[in-house]
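Secondary and tertiary structure notes
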Amino acid sequence: MIFVFDLDDTLYSEYLFVQEGFLEVANFISSISSKDKKYIFNYLIMDFHRNGRGKNFNNTLSNLGVFSEEHLLECIRRYINFPRDLFLYNGVRDVLCTRLNSQSYLVTDGNPVAQKNKVRCLGIEKCFKKIFYTGELGPSYHKPSARAFSDIKRIEKCNWNDIVYIGDNPYKDFVGIKPYGINTVRVLNGAYRADRVPQEFEADTIIYDLQELVGEFL
């Protein structure tokens, strides 16, 4: 079997990455506004929970009356480049590096600079045969597209049903690849762990811990 992994909330808690980045951004916004960094951090977290990722910095800067393109770009720069202390979920390194002998693949969406920083902070560059940063490959690679999986199929010279994909987000991780016969596994981590979705969006197999892959496929 050929194993392919998602990154955020599949291998580690993305919320920790968000929190540490928001602390750095809050320090900056505090320096250009009349609000203290604790208030700004709490506002960023509130906006994140209410609206998800995407416009948190825009909304916070606008709410405080200090929005400008320059300030927004500085928030993004600090958020992306701030060094974090990130940790893999228990047992993940053993699965990736020992059980799979660093022969699996990683497919991750998002800003490629941020995603590469995450991989570097987690120390997992050598845990994969190849990493697909879809943000630098173009929109046709973004999930739920099967484009990256097609590349993996070509590299491995395998059939679709030889591929196992493990992710956490039922809204985009599986719906685009299930029709090909790829084996899909949803690990119940992160923001979507309690969500119930229509069958077309749900994975074939649901697990609570990546080490359960050992019993299912290894």
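None of these values were measured; they are calculated from a predicted model.

Quick look at the sheet that holds strand S4 (residues 163-167) now. Reading across from one edge, S3-S2-S1-S4-S5-S6 is the order of the six strands in this open sheet, with parallel pairing throughout. Each having just a single partner strand, strand S3 (128-133) and strand S6 (205-207) make up the two edges of the open sheet. Direction aside, the axes of adjacent strands within the sheet are offset by 20° on average. In this structure, strand S1 (residues 2-5) lies alongside strand S2 (residues 104-108), joined through two bridges in parallel fashion. Residue pairing in the sheet places Phe5 in a bridge with Leu106 of S2. On top of the sheet, helix H8 (residues 147-156) reaches S1, S2, S3 and S4; it is set at about 150° to S3, its chief contact.

Our next topic: unusual backbone geometry. Here the amide bond leading from Lys143 into Pro144 is cis, since omega sits at 15°, within 30 degrees of zero. Checked against the element boundaries, Pro144 lands in the loop between helix H7 (134-137) and H8. Even without glycine at this site, Asn101 takes up a positive phi of about 55°. Its identity is not glycine, yet Ser102 carries a phi of approximately 60°, on the positive side. Mapped onto the elements of the fold, Ser102 is located in the loop between helix H5 (92-99) and S2.

A word on the nonpolar core. Note on soluble globular proteins: their nonpolar side chains tend to be buried together. Core analysis: the largest hydrophobic core is formed by 45 residues, its most contacted members being Phe5, Leu11, Phe22, Ile124, Phe128 and Ile166. If you tally residues by element for this core, the top one is helix H1 (residues 14-31), at seven residues. In this structure, Ile124 is in contact with Leu7, Leu11, Leu88, Arg93 and Val119, ignoring residues within four places of it in sequence. Among the nonpolar cores identified, the runner-up in size contains 17 residues, and Val4, Phe132, Phe149 and Ala203 belong to it.

Below, the discussion takes up the pairing of S2. With five of five residues buried, S2 lies mostly within the body of the structure. Across the two faces of S2 the burial is the same, with Ser104, Leu106 and Thr108 and Tyr105 and Val107 all buried. The pairing of S2 with S3 spans five bridges and is parallel. In the sheet register, Val107 faces S3, and the bridge partner there is Phe132. One crossover worth recording links S2 to the parallel S3 by way of helix H6 (residues 112-122), and it is right-handed.

Thresholds applied
Residues numbered from 1 in each chain as written. Predicted model: local features only at pLDDT ≥ 70, side-chain atom pairs only at ≥ 80, totals over all residues. Heavy atoms only, no water. Pairing = 2+ DSSP bridges. Helix = DSSP H or I, 4+ residues; strand = E, 2+ residues; numbered from the N terminus. Axes fitted to C-alpha atoms, helices over the stretch in contact; angles between N-to-C directions. Contact = heavy atoms within 4.5 Å. Core = buried A, V, L, I, M, F, W, Y, C linked by side-chain atoms within 4.5 Å. Buried < 20%, exposed > 50% of the residue type's maximum accessible area, 1.4 Å probe, protein only. Right-handed = clockwise from strand over helix to strand, strands pointing away.

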